[in-house]
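Given next are the chains, with one letter for each unit.
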Amino acid sequence: MKRKIWIVILSILGLIILIQLAGMLLAWLGVPVYYIQSDGNGIQLIRSTPQKQSLPALQPNNAPPLREDATPFIIDTDMAGDDWMAILYLLQRTDVNVVAITVTGTGEAHCASGIRNAQGLVMLAGRPQIPVTCGSESPLGADHAFPMEWRDAVDNLFGLSLPANPHLPSAESAPELISRLLQETDQKIHILALGPLTNIAEAFEGDASLNNYLEMLTIMGGAVNTPGNVGPVLNIENQYAEWNIYADPYAAKVVFETVTPITLVPLDATRHVPVTMDFYKRIKSDRATPNAEFVYRTLTQLENSIRRGGYYFWDPLAAAIATDESLASFQELQLVVIAEEGPDSGRAQENKDGQLIRVAIWADASRFEELFLDTLNGRLP
């Protein structure tokens, strides 16, 4: 009996070693390797390129000079793939002055890699001095962590590379940096939140007077009158939650109750703006700047998902709406977030006791694509 057990154990170990050797051989031969990622509705295989040396190194962009009246922005991000695209879009604009990037450690990227990758993005965009920091990796409420496969993928930048940034991260935590910048500003700041709202909640829950220095909080998150994207991925009974809200629903509840004004860009709007193969082909032939080139490389890593119709411009759309509201149609709705555990956890729900929030319910895909491409390629003044 013991002999049979040892045979089974050795057979399993042999199979594992064989799979590892096969993966190494495929990588050496240049055959695409795949990892697990989500399209927002389910888990799927996404192509990865492990051979970084097969792509030429990207040189930092010559950042365009900012306009004197450029709006100061803080980008609060969980540093997933669509976040990278949104960040590069804003960094290419002359009417946006990104004064900080704060990584939310409760989202897809872990703090260390999120900071490193964010510093790489600002270096690529020609603005390496922008302060970057991270907040807590523990949510304020329920622990609804993103799947580890997703986190590993974005931590590793989908196998891509960015130039090294010689600047050190900020010594302040994300809530501290957000709070200080708001209080020191001579011009109201626009905050763009692209991940779980842990950092924003911590900053504003401790000091509601920060609203006096806020131009707008634009949030990519929630699903108001459209199905959420959490339940199908986790195979749980939750039809309503969207990942950015679900990851830390208590933080979202605090933000919806204490921060004003808020513009919400939920799945209701982003579902109108999928990433299509037509767009992928367009950017393949239209990538004149390092920013555009990196977006193209990111989309190449996601090509399988794009072909399946499962990838959307979630965060880039929120960034674009923050700079051009005419891209979307809005409704003003009183919303609350359900923070308690259960099938409604993370739901953004209409409620007469909720704060009035401006909600994007539709977006013009064609106009967004033109704006996105023109901005990335430096064609806008």
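Note: the structure precedes this text.
Keep in mind that what you see is a predicted model, and the values were worked out from it rather than measured. (Residues numbered from 1 in each chain as written. Predicted model: local features only at pLDDT ≥ 70, side-chain atom pairs only at ≥ 80, totals over all residues. Heavy atoms only, no water.)

**Regarding the state of the cysteines**
In the structure shown here, the tally under the stated rule is 1 disulfide. Shown here is the disulfide that connects Cys 111 with Cys 134, its sulfur atoms set 2.0 Å apart. Its S-S torsion of about -70° marks the bond between Cys 111 and Cys 134 as left-handed, since a negative value means left-handed. Placement of Cys 111 in helix α3 (residues 111-124) and of Cys 134 in strand β5 (residues 132-134) is noted, with a sequence separation of 23 residues between them. Owing to a relative accessible area of 12%, Cys 111 belongs among the buried residues under this scheme. Taking relative accessible area as the criterion, Cys 134 reaches 9% and is therefore assigned buried. (Disulfide = S-S within 2.5 Å. Helix = DSSP H or I, 4+ residues; strand = E, 2+ residues; numbered from the N terminus. Buried < 20%, exposed > 50% of the residue type's maximum accessible area, 1.4 Å probe, protein only.)

**A closer look at α3**
The end-to-end C-alpha distance of α3, which contains 14 residues, comes to 20 Å, matching closely the 20 Å that a straight helix rising 1.5 Å per residue would cover. By the criterion of burial, α3 is predominantly enclosed, with 12 of the 14 residues buried. Among the residues of α3, Cys 111, Ser 113, Gly 114, Ile 115, Asn 117, Ala 118, Gln 119, Gly 120, Leu 121, Val 122, Met 123 and Leu 124 are the ones counted as buried. Those residues of α3 that are buried lie in contact with α2 (81-91), β4 (96-103), β5, α4 (148-155) and α12 (290-301). (Expected span 1.5 Å × (residues − 1). Contact = heavy atoms within 4.5 Å.)

**Considerations on the pairing of strand β3 (residues 71-77)**
A large share of β3 lies buried, amounting to 7 of its 7 residues. Because side chains alternate across β3, one face comprises the buried residues Thr 71, Phe 73, Ile 75 and Thr 77, and the other comprises Pro 72, Ile 74 and Asp 76, equally buried. Crossover connection from β3 via α2 to parallel β4: handedness right-handed. Pairing analysis gives 4 bridges linking β3 to strand β6 (residues 189-193), with the strands arranged parallel. Bridging from a neighbouring strand, Asp 76 pairs with Ala 193 of β6. (Right-handed = clockwise from strand over helix to strand, strands pointing away. Pairing = 2+ DSSP bridges.)

**Description of unusual backbone geometry**
Cis peptide bonds are those with omega within 30 degrees of zero, and the linkage from Thr 260 to Pro 261 qualifies with 0°. Take Pro 261: it is sitting in the loop between α9 (249-258) and β8 (262-265). For Phe 158, which is not glycine, the phi torsion reads 55° and is therefore positive. Checked against the element boundaries, Phe 158 lands in the loop between α4 and α5 (174-184).

**What about the pattern of salt bridges?**
Taken as a whole and assessed by the stated rule, the structure comprises 15 salt bridges. Residue Arg 282 is joined to Glu 370 by a salt bridge in which the shortest nitrogen-to-oxygen separation is 2.7 Å. You can see Arg 282 sitting in helix α11 (residues 277-284) and its partner Glu 370 sitting in helix α15 (residues 365-376), a full 88 residues away along the chain. According to the relative accessible area criterion, Glu 370 is partly exposed, its value standing at 36%. Ionic pairing is found between Arg 287 and Glu 293, a salt bridge with its closest N-O pair at 2.7 Å. Residue Glu 293 is classed as buried on the basis of its relative accessible area of 13%. Here the residues in one salt-bridge network are Glu 172, Arg 180 and Glu 184, joined through shared partners. (Salt bridge = Lys/Arg side-chain N within 4 Å of Asp/Glu carboxyl O.)

**Let's talk about the packing of α5 against helix α6 (residues 198-205)**
Two elements in contact, α5 and α6, have axes whose closest approach is 8 Å; the angle formed by their N-to-C orientations is 55°. As summarised for this structure, α5 and α6 are arranged oblique, according to the angle between their axes. By crossing handedness, the relation of α5 to α6 is classed as right-handed. Contacts between α5 and α6 involve Ala 174, Pro 175, Ile 178 and Leu 182 from the former and Asn 199, Ile 200, Glu 202, Ala 203 and Phe 204 from the latter. When its residues are assigned to classes, the contact of α5 with α6 shows 7 nonpolar, 1 polar and 1 charged. (Axes fitted to C-alpha atoms, helices over the stretch in contact; angles between N-to-C directions. Parallel < 35°, antiparallel > 145°, perpendicular 65-115°, else oblique. Left-handed = near helix turned anticlockwise from the far one by under 90°. Nonpolar A, V, L, I, M, F, W, Y, C, P; charged D, E, K, R; others polar.)

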